[in-house]
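Below, each chain spelled out in residue letters.
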Amino acid sequence: MARVSPPGIVATLARHPRRALDILWARLTGRRLRARQRLAALVGIDHQLALPAAILDRFPIEREAADEPDLHVLTAPGHALVAGARRTFADAFAADPSLHALYGDALIQPTPGGPVFPLLRPAFDADYLMAVDWLGPVLALRRTSFLQIAGADAEISALEAVLRIAERYGVGAIGHLPGIASVQIGADVGGAGGRSPARVPSPVRERDRVRGQVFPARSHPPPQPSPGRERGPVGEVETSSPQKEHSLDRRLAILRRHLDRTGRAETELAREPDGIVVVLHPLPDPLPLVSVIVPTRDRVDLLRPCLESLRTQTGWPNLEILVADNDSGAPETRAYFRILEGEGVRIVDCPGPFDFAGMNNAAAALAQGAVLAFVNNDVEAFAPGWLGRMVREALRPEVGAVGAKLLDGAGRIQHGGIVLGTGGLATHAHRHFPGDAPGYGMRLQATHAVSAVTAACLVVEARKFRAVGGFDAEHFPVDFNDVDLCLRLNAAGHRTLVAPGAVLHHHEGASRKRSQEAESRHAREVAAFQMRWGPLLAQDPHYHPAFDPNLSTHARLRAGWFDQPTGPGAVRRSGPSRSPT
């Protein structure tokens, strides 16, 4: 289940006998899923996505190309289309004239006769594509559209083609067909689906320069691959350095032309040592005031290190801090508040029953900043670049909420975005994975779109927050208010992003206590969330339906998915959420 060896798992269980008994009892009473979830929370989890070699028998390779006159297919070297893929693409184009480009999924077999690993794609995500060249390995285009965007450029790459399609027809013209479209056997992808190597010291990297002040492109050193290897779709990929450098240079040139064509000449591109491209969107001069809002009730043991970290580990030069206080009464807390007020921190009184959404709304109403940063009192910053990384994304007109990568007390992933429809309603992406894991398709390192992010660390422009009415304190006073906010921002035409370059610690739940009253309130919020957003819970567009929805995301494959008859599901596209009811 995790990087820990079986003896290591046993040793961990021995150190936590009460939790071990809970896991055993859940298993003995038939609650196998709960037992797996609790074991993952205790020992961690990692990718286990290998398929048996016999799975390839279900996806025979195309022996003779079908005649599809209105279809142009770009295929990566070494990949072969599966039988029927061309017809599937052609049928999808015929059924929807607004589609101009389609891509599917793939299977790769690094060693002939060995295990097979899936390449499972999300709905089209331009931010993700700028950071990681994840598209393909097969891209199908309408021939007429291809001729219009390619012109005399017969050697146009899939990356260049899809960016030009997006420029000419919009991102809604690009669709994902969830189904196996190609197979590669003997691919140079050793370790895909395996474990991530340990972090090694980071070399000097390019810096994110902001109006004379330097912010790191990342807020922490990125995990590095072993010498001579680079991160692959899931794990590592053997590579040749000169060839890879040439490929990256070519990719950067394509991205540069795309930015210039779309009026973003001031946007810069930074190259990370691990192959990630960081897009440095321009910031205004002067830099806007950011209002950091921290809700609390007593718990100075959490609040003090949180605020100290915000003041000492935040490189943003224009900052105000507001503490939303819910009836703190401990003498130590009141004394600490007096010190904070003397240092310029604003204490916003929020009396009454605990109302996380209402407390944040009250503080936001008094905030003077053009940007709001909501931070839980059990979150700690440890590298100065985190806020600059998030604000840079949040200021883009098309972006709504921006989330960070959060690490739990054990140093594992606590949050890498929120995935809808998993764990019953919604769960945190890559939860319990190792803190240095790259994530499936580099998602724990590359900025990408998600359906929602947690309000434990959420940055949004104040005008966008107020335009959608802020947090819904009436229906979601404690739970799901962050997910609901993001979905309403999405419905208003914005995109929610997670920026893994911003990393903080989150001691989740340390400041909350469960009670019967809390359980009843939670049940009401679950019902309200299902009523408002139920259709979206069927399938998150940013998460592939072949993944198991019941454990940590991206960790296991859904049982029986690859045993279904070949052929894709409905075309998936990026787009706004439906308006809430």
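In this text the structure is predicted, and so the values were computed from the model without any measurement.

> Could you give me a rundown of the overall build of the chain, with the residues and numbers involved?
Each helix and strand counted, the chain has 15 helices and 24 strands in total. A burial count over the chain gives 57% of its 581 residues as buried. For the chain, restricting intrachain contacts to residue pairs at least 6 apart in sequence, the fraction spanning at least 24 positions comes to 76%. Accessible area for the chain stands at about 23,600 Å²; split by element, carbon and sulfur atoms hold 54% of it.

> Go over the pattern of salt bridges with me, naming the residues and quoting the values.
Under the criterion given, the structure shown has 28 salt bridges. Here Arg 257 makes a salt bridge to Glu 160, at a shortest N to O gap of 2.6 Å. With Arg 257 in helix 8 (residues 241-261) and Glu 160 in helix 7 (residues 158-169), this residue pair connects regions lying 97 residues apart in the sequence. By relative accessible area, which is 39% here, Arg 257 ends up partly exposed. On the accessibility criterion, Glu 160 (3% relative accessible area) is buried.

> Requested: an account of helix 14 (residues 481-491), with residues and values cited.
Of all the 11 residues making up helix 14, 10 are buried; the element is thus mostly covered by neighbouring parts of the structure. Within helix 14 the residues assigned to the buried category are Asn 481, Asp 482, Val 483, Asp 484, Leu 485, Cys 486, Leu 487, Arg 488, Leu 489 and Asn 490. Looking one or two places after helix 14, you find Gly 493, whose phi comes out positive at around 105 degrees.

> So what's going on with the pairing of strand 24 (residues 495-506)? Residues and values would help.
Of all 12 residues making up strand 24, 10 are buried, and the element is well covered by its neighbours. For strand 17 (residues 379-381) and strand 24, the ladder comprises three bridges, and the chain directions are antiparallel. Along strand 24, the bridge assignment pairs Val 379 with His 506. Strand direction decides the pairing type here: strand 18 (residues 399-407) and strand 24, joined by seven bridges, are parallel. Counterpart to Ala 404 in the pairing with strand 24 is Ala 499. When strand 22 (residues 448-450) meets strand 24, the two strands line up antiparallel, connected through three bridges. Residue His 448 lies in a different strand from strand 24, and its bridge partner there is Val 498.

> Quick rundown of the environment of Ala 330? Include the residues and the values.
With respect to the helices and strands, the residue Ala 330 is situated in the loop between strand 14 (319-325) and helix 10 (331-342). A relative accessible area of 28% places Ala 330 in the partly exposed class. With 32 residues separating them along the chain, Ala 330 and Asp 298 place their C-alpha atoms 6.4 Å apart.

> Describe in detail the packing of helix 9 (residues 300-312) against helix 10, supporting the description with residues and values.
Where helix 9 contacts helix 10, the two axes come as close as 10 Å, and the packing angle between them is 20 degrees. Classified by the interaxial angle, the pair formed by helix 9 and helix 10 is roughly parallel. Handedness of the helix 9/helix 10 crossing: left-handed. Of the residues in helix 10, those in contact with Val 300, Leu 303, Arg 304, Leu 307, Glu 308 and Arg 311 of helix 9 are Glu 332, Thr 333, Tyr 336, Phe 337 and Leu 340.

> Provide a residue-level description of the pairing of strand 1 (residues 71-75), including the pertinent values.
Put simply, side chains in a regular strand alternate between the two faces of the sheet. When you tally the buried positions in strand 1, you get four out of five residues, the bulk of the element. With five bridges connecting them, strand 1 and strand 5 (residues 138-142) associate as antiparallel partners. If you follow Thr 75 over to strand 5, its bridge partner there is Val 138.

> Account for the side chain of Thr 333, naming residues and giving values.
The topology assignment puts Thr 333 in helix 10. Setting aside residues no more than four positions away along its own chain, Thr 333 makes contact with Asp 298, Arg 299, Val 300 and Ser 328.

> Can you break down the side chain of Glu 160 residue by residue, with the values?
Polar side-chain contacts of Glu 160 include one of 2.6 Å to the side chain of Arg 257. Once residues lying within four places of it in the same chain are set aside, the contact partners of Glu 160 are Ile 254, Arg 257 and Arg 261.

> Quick rundown of the packing of aromatic side chains? Include the residues and the values.
A ring pair, where both rings are aromatic, is described by two values, the distance of the centres and the angle of the planes. On inspection of all chains with the given rule, the structure shows 11 aromatic pairs. Taken together, a centroid distance of 5.1 Å and an interplanar angle of 85 degrees make the contact between Tyr 440 and Phe 547 edge-to-face. Here Tyr 440 is found in the loop between strand 21 (426-428) and strand 22, whereas its partner Phe 547 is found in the segment after helix 15 (516-533), with 107 residues between them in sequence. There is no split in this pair, since Tyr 440 and Phe 547 are both buried. On the basis of an interplanar angle of 80 degrees and a centroid distance of 6.3 Å, the ring pair of Phe 476 and Phe 529 is categorised as edge-to-face. In this pair, Phe 476 sits in the loop between helix 13 (462-467) and helix 14 while Phe 529 sits in helix 15, placing the two residues 53 residues apart along the sequence. Of the residues examined, Phe 476 reaches a relative accessible area of 0% and is grouped as buried. Taken together through their ring pairs, the aromatic side chains of Tyr 103, Phe 124, Tyr 128 and Trp 134 make up a single cluster. One residue, Arg 304, lies across the ring of Tyr 336, its end atom 4.6 Å from the ring centre.

> Could you give me a rundown of the environment of Tyr 103, with the residues and numbers involved?
Along the chain, Tyr 103 falls in strand 3 (residues 101-109). On the accessibility criterion, Tyr 103 (0% relative accessible area) is buried. Considering only alpha carbons, one finds Tyr 103 and Gly 179, 76 residues apart in sequence, at a separation of 9.3 Å. Engagement of the side chain of Tyr 103 in a polar contact is seen with the backbone oxygen of Pro 122, the distance being 2.7 Å.

> I'd like to hear about the nonpolar core, residue by residue, with values.
One broad trend across soluble globular proteins is that nonpolar side chains are buried collectively. Leu 307, Leu 310 and Trp 386 are the most contacted members of the largest nonpolar core, which has 41 residues in total. Val 348, Ala 357, Ala 364 and Ala 452 belong to the second-largest nonpolar core, a separate cluster that totals 40 residues.

> So what about the packing of helix 14 against helix 15? Which residues, and what values?
Helix-helix packing is characterised by the crossing angle of the two axes and by the distance between the axes. Viewed as axis vectors pointing N to C, helix 14 and helix 15 meet at an angle of 15 degrees, and their least axial separation amounts to 11 Å. Taken together, the axis directions place helix 14 and helix 15 in an arrangement best described as roughly parallel. Handedness of the crossing formed by helix 14 with helix 15: left-handed. Contact residues: helix 14 offers Val 483, Asp 484, Leu 487 and Arg 488, while helix 15 offers Phe 529, Arg 532 and Trp 533.

> Which residues make up unusual backbone geometry, and what values go with them?
Cis geometry is adopted by the peptide bond preceding Pro 137, which originates at Gly 136 and carries an omega value of 15 degrees. Tracing the chain through its elements places Pro 137 in the loop between helix 5 (126-131) and strand 5. Going from Asp 285 to Pro 286, the amide bond is cis rather than trans, its omega being 10 degrees. Examined against the element boundaries, Pro 286 turns out to sit in the loop between strand 12 (277-280) and strand 13 (290-296). One non-glycine residue, Asp 298, adopts positive backbone phi at about 55 degrees. Here Asp 298 is to be found in the loop between strand 13 and helix 9. Its identity is not glycine, yet His 430 carries a phi of approximately 60 degrees, on the positive side. Inspection of the secondary structure assignment puts His 430 in the loop between strand 21 and strand 22. In this structure His 430 comes out as buried when scored by relative accessible area, which is 1%.

Criteria and thresholds
- Residues numbered from 1 in each chain as written.
- Predicted model: local features only at pLDDT ≥ 70, side-chain atom pairs only at ≥ 80, totals over all residues.
- Heavy atoms only, no water.
- Helix = DSSP H or I, 4+ residues; strand = E, 2+ residues; numbered from the N terminus.
- Buried < 20%, exposed > 50% of the residue type's maximum accessible area, 1.4 Å probe, protein only.
- Contact = heavy atoms within 4.5 Å.
- Areas by Shrake-Rupley, 256 points an atom, 1.4 Å probe, with all protein chains shown as cover.
- Salt bridge = Lys/Arg side-chain N within 4 Å of Asp/Glu carboxyl O.
- Pairing = 2+ DSSP bridges.
- Axes fitted to C-alpha atoms, helices over the stretch in contact; angles between N-to-C directions.
- Parallel < 35°, antiparallel > 145°, perpendicular 65-115°, else oblique.
- Left-handed = near helix turned anticlockwise from the far one by under 90°.
- Polar contact = N/O pair within 3.5 Å; in protein donor to acceptor, adjacent residues only side chain to side chain.
- Phe/Tyr/Trp six-rings, centres within 6.5 Å; stacked < 30°, edge-to-face > 60°.
- Lys NZ or Arg CZ within 6 Å of the ring centre and 35° of its normal.
- Core = buried A, V, L, I, M, F, W, Y, C linked by side-chain atoms within 4.5 Å.

Note that all results are geometric; they support no functional claim without further evidence.
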